[in-house]
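The residues making up each chain are set out below.
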Amino acid sequence: MTRGVTEWSPEPYFLNNVALGVCTAIGLLVFGAMFIAMFRFRKSRGAVAEKWSHNTMLEVVWTTVPVLILIVLAWMSTGGLTSFANTTDSQMTVKVTGYQWKWRYDYVDYQGKAIDGVGFMSKLDEQSNDTRQLRSGLDPNAVKVGDENTYLLNVDKPLVVPVDTKIRFVITAGDVIHSWWVPALGWKMDAIPGIVNAAWTNIKVPGTYRGQCAELCGQDHGFMPIVVKAVSKAEFAQWLAQQQAASKAPPATPATPASPTPAPASTTAAPATAQVATAAKAPGKQG
Amino acid sequence: MAHAATHDHHDEHHGAPSNFFTRWFMSTNHKDIGTLYLIFSLLMFFIGGSFAMVIRAELFKPGMQLVQPYFFNEMTTMHALVMIFGAIMPAFVGLGNWMIPLMIGAPDMALPRMNNLSFWILPFAFALLLSTLFLPGGGPAGGWTMYPPLSLQSNTVAYVVFAIHLMGISSIMGAINIIATILNMRAPGMDLLKMPVFVWSWLITAFLLIAVMPVLAGAVTMLLTDKYFGTSFFNAAGGGDPVLYQHVFWFFGHPEVYIMILPAFGIISEVIPTFSRKPIFGYKAMVFAIASIAFLSFIVWAHHMFAVGLPLGAEIFFMYATMLIAVPTGVKVFNWVSTMWGGSMTFETPMLFAIGFVILFTIGGFSGLMLALVPADFQYHDTYFVVAHFHYVLVTGAAFSIMAATYYWLPKWTGRMYSEFWGKMHFWNSVVWVNVLFFPQHFLGLAGMPRRIPDYNVAFANFNMISSIGGFLFGASQLIFLGVIIHCVFFSKKKATDRVWEGAKGLEWTVPSPAPHHTFALPPVIHDDELAHGHVED
Amino acid sequence: MGQQQGAYFVPAKSQWPIVAAVVMFVTVFGAAHWLNAAPGEAGFGKTVISIGFLGVLAMFFGWFRSVIRESLAGKYDAQVDRSFRMGMMWFIFSEVMFFGAFFGALFYARLFAVPWLGGEGHGVLTHQFLWSDYAAAWGAGGGNGPAHIGGDFETVAPWGLPLLNTLILLTSSVTVTIAHHALKAGHRGKVLLFLGLTVLLGATFVFAQAHEYIEAYRELNLTLQTGVYGSTFFMLTGFHGMHVTLGTIMLAIIWLRVLKGHFNAEHHFGFEAVAWYWHFVDVVWLGLFMFVYIL
Ligand code: HEA
Ligand code: HEA
Ligand code: CUA
Ligand SMILES: [Cu+2]
């Protein structure tokens, strides 16, 4: 598991390591005892079965020791969880909306100021999309950005955010449930139509971080990556200004859709079945 | 022996009906119905396994080679539904049907006709479910968890929902029958605390089934009405909540996974003492542990939902409750090891599978415990780490226990010995390849590969290829299993003794092999030293 | 057939289970086909359901006939009787859990989903970003969610028909118990009278309920499609109503069986099973009256 690049992301990382260590240790003990038993007490070595079938002392020990171990683990995770749950004091808000099969990002506020008209769709990049068609004959290994293979992990327009900023994400969806996940940020959060979830991050290292939708959302669930580009505050301010200027010129970006709206046209030919969105909730025929 | 006296002159009337149709379609005999269940579940295991082979073949290397993404999702969904409801659960019911009456000295199940109905619903239910693959709308493709709104986009919701209703009815009737049998049909002297652990595990499992299958029925009924009748249970615009479905589903779903493991615990608790030639360590603790696990299973459901945005208090509560389950489960593992300690062990195929179970199930339990730690689960959730976890507990747990049980009781069912050599071949192949298949999936998950995707970045290529190779070979190893069974049933020359295994204890070993069509028409006289647990005093 | 004296009765081969499996399949297959047919497409769904449904009736008739015959032939000893009792008890438990799922949905919607959408507690952001003009309320003016699905509606007043229905069901529980005591005391006439009364009360309940539904649809604009309020209201009361209907039919059949003298003071499991079922339906109603109508 990656250690991640944010203030919080080491939490799951350490927890994973500790838990793995604990489990390995217990595993070695238990399996060790078992193998010794299998070796020492085999009939072929002339072992004669004993008659006993309990031992109160032992039983008490192996109920209480696990309990103690669990208390430690529980204590550690509670800490991590509590700090994650605190989304207050954020310096920036980004609204993330999942659609079949792309993400929409709307910049809501930055450093206490509301942002107007900065928002865009972000979907699988062209090259990955061509390559991933059934029997396309294209080589996934050839999909690259610089030296990094970005097959299925690149988008046309990444989410740009500043580092050293506590960013609050408000996450929702327009059609079905998706889940917004960038491993380097240390968490995933479901995007649920009609419901808003909150999460936060504070990225410490500038860079490009990739992730994927992590909740089955239909046929192209595997093809809706997430790319977060973390840049310095100065660069971000510049980028933001640019975007704001751009949004004034054309007749504005599509307004934030309110709750279950029909799914945008799919990226590939979907079977007709996969296109009924929640909005098509008109009562079926009832005879 | 009691059975011999009662059966000698009755066998003419009470032997198996000679007419094929009457015998297999109109049966009221627990052994024949048990056999039907077992055959059915084997068939389903192969069907579900073939779906898994499609999955593994597509995932063999990056790029889309074989199937369309939508079909891939159908495969994932069907694979799970068929394995869970078609292979594992019916196998346990089949084992229960065959063995519970034999183990408690009952002439049959308490409600024999209903027993037959429970079985015969299943082939129809699965016909309905599998037929959707061939319908214009396509099969369900929203995962076995069927989360709305996605699952409602499918056009065959009604077929799937009704198939699940049928399976639910079958399971509930099966469970009622098992409870009534255990509580009402024990031979005099077979006190509750003398029952084999397998019988105990089924008693508790049956309770879980009756408690949660109706809840699943309720959940899918709400899907049905949301889809076809315009209700708003899972639609926030109408005041509902998609997450509500997940709560109801997992209130069923979590106990469901224990439904698939408690009978396994029971089986292992029979096999290990037999081949260790030593009574099970801590009999009462074993029973109590099963009961505690069952109880806890009702209050941990939201650990499948840590990423849906639950309130903090809920996350903490469900995390703690989930972690607690490690304690009774640990007790069971430690007791199995202690049973082996100081025994006189031999390693026939059932024992090998039991040992494989203990080790590999425990590994699956460990990853389960890791999943329970919420901050870590924010990373693990919906990745291959979870897939690795549940295949360890389901394949090397539940399925291995079923294989152990098959080898253990096959001689009793058929009167013939299976081929020990090929049994061992099956075991060693399975145990090696299953690890090649599922262990790398832990790494995939940790490296960030989401589950339920038909294609992936090249960074995940190596482990996926290893996993697929393991998958094909594990699948192929199951052909050995099939071969061993067919050989044993039809061709084996080696007669099994009544006791079959030197260390075997319990009523089922006092009847002839093969077990006559009717056993214990009159209750047997029970000698405590015949029983595995005749003398528990703690 | 049958078994030697003193042994548990294990019925010989029977065709009913497999028949039952087939007719159940036919019914749900028809239903699935019907629901799935494209709008406007006729399909054979309805025909198949009808055939399946008739099959189910025939199957019940046949299966119960053989059970009744065996019962009258004295094949069911105390142990068999216990098996039946356990079967019925656990069946009722499963029904309780089935209703539990819908009650769970009701509580969740009322206590969490709707308030959250309205911005309470955990729902602050949801409200702020998606539904800022929604004022949460249960019942009229909010129970159909922020999108106001189904339009304005009113709720059914608890102290009219529902109260009456509560009294009807409570009374019917008393009458069925009187009938039971009468049966145990061997007063057949009294059994018939009170059991008959119970059937009538059950039927009255169903009629009143139907009336209430018509009223709700016509006057109150409260329908199954009225957001989550309508959904929970009609699903809960609807499933309950179906159970009452079924229970009434079962009671009627038991009445006929009493008339035919199938039961005696010791041997009347069929009667008791139906009585238990009736009490269960009654208790569910009390829950409904409390949580669906009053609160
Ligand atoms: C037979 C089935 C089975 C069993 C027995 C278990 C057992 C456990 N499971 Fe698992 N689980 C599944 C089947 C099962 N699970 C399935 C199918 C899913 C995925 C569903 C889906 O999404 O499709 C799942 C998913 C799942 C999740 C959700 C993951 C996610 O989606 O993010 C979690 C989270 O808490 C979890 C936890 C556990 C725990 C704590 C146990 C515990 O019971 C394990 C306890 C055992 C041990 C711990 C080992 C032995 C103990 C000792 C040797 C004692 C000492 C040990 C310690 C003190 C550490 N499971
Ligand atoms: C009891 C349950 C059970 C069992 C036994 C299995 C068995 C197997 N499972 Fe599965 N699995 C689930 C329950 C189970 N699984 C569940 C609940 C899910 C989640 C679904 C979801 O996300 O909704 C899942 C998902 C799942 C996935 C993830 C799919 C995805 O996320 O898209 C994968 C991928 O590798 C997989 C693989 C396998 C394999 C290779 C086996 C093997 O063990 C199968 C071996 C058996 C056979 C292969 C059949 C027998 C042999 C033949 C037919 C002979 C011919 C074959 C050859 C010659 C190769 N399973
Ligand atoms: Cu969006 Cu998966
Ligand atoms: Cu669980």
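On a predicted model such as this, the values are computed, not experimentally measured, just so you know.

1. So, the nonpolar core
- Grouped together as the largest cluster of nonpolar side chains are 381 residues, with contacts concentrated most on A:Y107, A:W180 and A:W187.
- Ranked by the residues each element gives to this core, the list is headed by helix α8 (residues 197–228) of chain B, at 23 residues.
- Residues from two domains meet in this core; each of domain 1 (1–76) and domain 2 (77–294) of chain C gives at least three.
- Excluding residues within four positions of it along the chain, A:Y107 makes contact with A:M92, A:T93, A:V94, A:I115, A:V118, A:F120, A:L159, A:V160, A:F236 and A:W239.
- Grouped together as the second largest cluster of nonpolar side chains are six residues, A:L124, A:V143, A:L152 and B:M64 included.

2. A word on the packing of helix α10 (residues 262–276) of chain B against helix α16 (residues 384–414) of chain B
Residues and elements named next belong to chain B.
- Relative orientation of the contacting elements α10 and α16 amounts to 45°, with a least axis distance of 9 Å. As far as their axial angle goes, α16 and α10 are oblique. Considering how the two elements wind past one another, α10 and α16 form a crossing that is left-handed. Across the interface between the two elements, A264, I267, I268, E270, V271, T274 and F275 from α10 touch A398, S401, A405 and Y408 from α16.
- Of the residues that constitute the contact of α10 with α16, the class distribution is eight nonpolar, two polar and one charged.

3. What to know about the coordination of the copper ion (ligand 4)
All names here are of chain B.
- Donor atoms from the polypeptide that bind the copper ion (ligand 4) are H254 (ND1), H303 (NE2) and H304 (NE2), placed at 1.8 to 2.1 Å.
- Here the donor residues for the copper ion (ligand 4) map to a single chain with the spacing H-x48-H-H.
- The iron atom of ligand 1 is placed at 4.5 Å from the copper ion (ligand 4). Of the two residues, H254 sits in helix α9 (residues 242–259) while H304 sits in the loop between α11 (283–296) and α12 (312–324), which places them 50 residues apart along the sequence.

4. Remarks on the pattern of salt bridges
- Overall, the coordinates contain 15 salt bridges over all chains when judged by the stated rule.
- Note that B:E502 and A:K43 form a salt bridge whose closest N and O atoms lie 2.9 Å from each other. On the criterion of chain membership, the pair formed by B:E502 in the segment after α18 (461–491) and A:K43 in the loop between α1 (10–40) and α2 (56–85) is interchain, its members lying in two chains.
- The partly exposed category is assigned to A:K43, whose relative accessible area is 34%.
- Across the pair C:E70 and B:R113 runs a salt bridge, and its minimum N-O distance is 2.8 Å. Linking C:E70 in helix α2 (residues 45–72) with B:R113 in helix α6 (residues 112–131), this pair reaches from one chain into another.
- Taking relative accessible area as the criterion, C:E70 reaches 5% and is therefore assigned buried.
- Accessibility expressed as a relative area gives 9% for B:R113, which makes it buried.

5. Structural notes on the UniProt feature "transmembrane region" (unreviewed entry) in chain A
Residues and elements named next belong to chain A.
- What UniProt calls "transmembrane region" (unreviewed entry) maps, in this numbering, to residues 18–39 and 60–85.
- Annotated as 100% helix and 0% strand, the span residues 18–39 places its first and last C-alpha atoms 31 Å apart.
- Between the C-alpha atoms that bound residues 60–85 there is a distance of 37 Å. The span itself is 100% helix and 0% strand.

6. Description of the packing of aromatic side chains
- Throughout the structure, instances matching the rule amount to 102 aromatic pairs over all chains.
- Plain terms: the ring middles of A:W8 and A:F84 are 4.8 Å apart, the flat faces sit at 45° to each other, and that makes the pair tilted. Residue A:W8 is found in the segment before α1, and its partner A:F84 is found in helix α2; the two are separated by 76 residues along the sequence.
- Note on A:F84: relative accessible area 5%, which makes it buried.
- Here the aromatic rings of B:F265 and B:F361 are separated by 5.3 Å at their centres, their planes lie at 80°, and the arrangement is edge-to-face. Here the residue B:F265 occupies a position in helix α10, and B:F361 occupies one in helix α14 (residues 349–372), the gap between them amounting to 96 residues. Residue B:F265 shares its accessibility class with B:F361, and that shared class is buried.
- A cation over an aromatic ring shows up here: A:K188 above the ring of A:W181, its NZ or CZ 4.0 Å from the ring centre.

7. Regarding the site of ligand 2
All names here are of chain B.
- The local shell around ligand 2 holds 32 residues, among which R56, H79, W144, H391 and R452 are the closest.
- Contact between ligand 2 and H79: a nitrogen atom at 2.8 Å from a side-chain N or O atom of the residue.
- A distance of 2.6 Å separates an oxygen atom of ligand 2 from a polar backbone atom of R452.
- Broken down by secondary-structure element, the contributors of at least two residues to the shell around ligand 2 are α4 (30–58), α5 (69–104), α16, α17 (420–447) and α18.
- Per-class residue counts for the shell around ligand 2 are 20 nonpolar, nine polar and three charged.

Cut-offs applied
- Residues numbered from 1 in each chain as written.
- Chains lettered and ligands numbered in written order.
- Predicted model: local features only at pLDDT ≥ 70, side-chain atom pairs only at ≥ 80, totals over all residues.
- Heavy atoms only, no water.
- Core = buried A, V, L, I, M, F, W, Y, C linked by side-chain atoms within 4.5 Å.
- Buried < 20%, exposed > 50% of the residue type's maximum accessible area, 1.4 Å probe, protein only.
- Helix = DSSP H or I, 4+ residues; strand = E, 2+ residues; numbered from the N terminus.
- Domains from an automatic or database assignment.
- Contact = heavy atoms within 4.5 Å.
- Axes fitted to C-alpha atoms, helices over the stretch in contact; angles between N-to-C directions.
- Parallel < 35°, antiparallel > 145°, perpendicular 65-115°, else oblique.
- Left-handed = near helix turned anticlockwise from the far one by under 90°.
- Nonpolar A, V, L, I, M, F, W, Y, C, P; charged D, E, K, R; others polar.
- Donors = N, O, S within 2.8 Å, 3.2 Å for Na, K, Ca; no water.
- Salt bridge = Lys/Arg side-chain N within 4 Å of Asp/Glu carboxyl O.
- UniProt positions renumbered as here; feature names shortened; annotations may be inferred.
- Phe/Tyr/Trp six-rings, centres within 6.5 Å; stacked < 30°, edge-to-face > 60°.
- Lys NZ or Arg CZ within 6 Å of the ring centre and 35° of its normal.
- Near = heavy atom within 4 Å.
- Polar contact = N/O pair within 3.5 Å; in protein donor to acceptor, adjacent residues only side chain to side chain.

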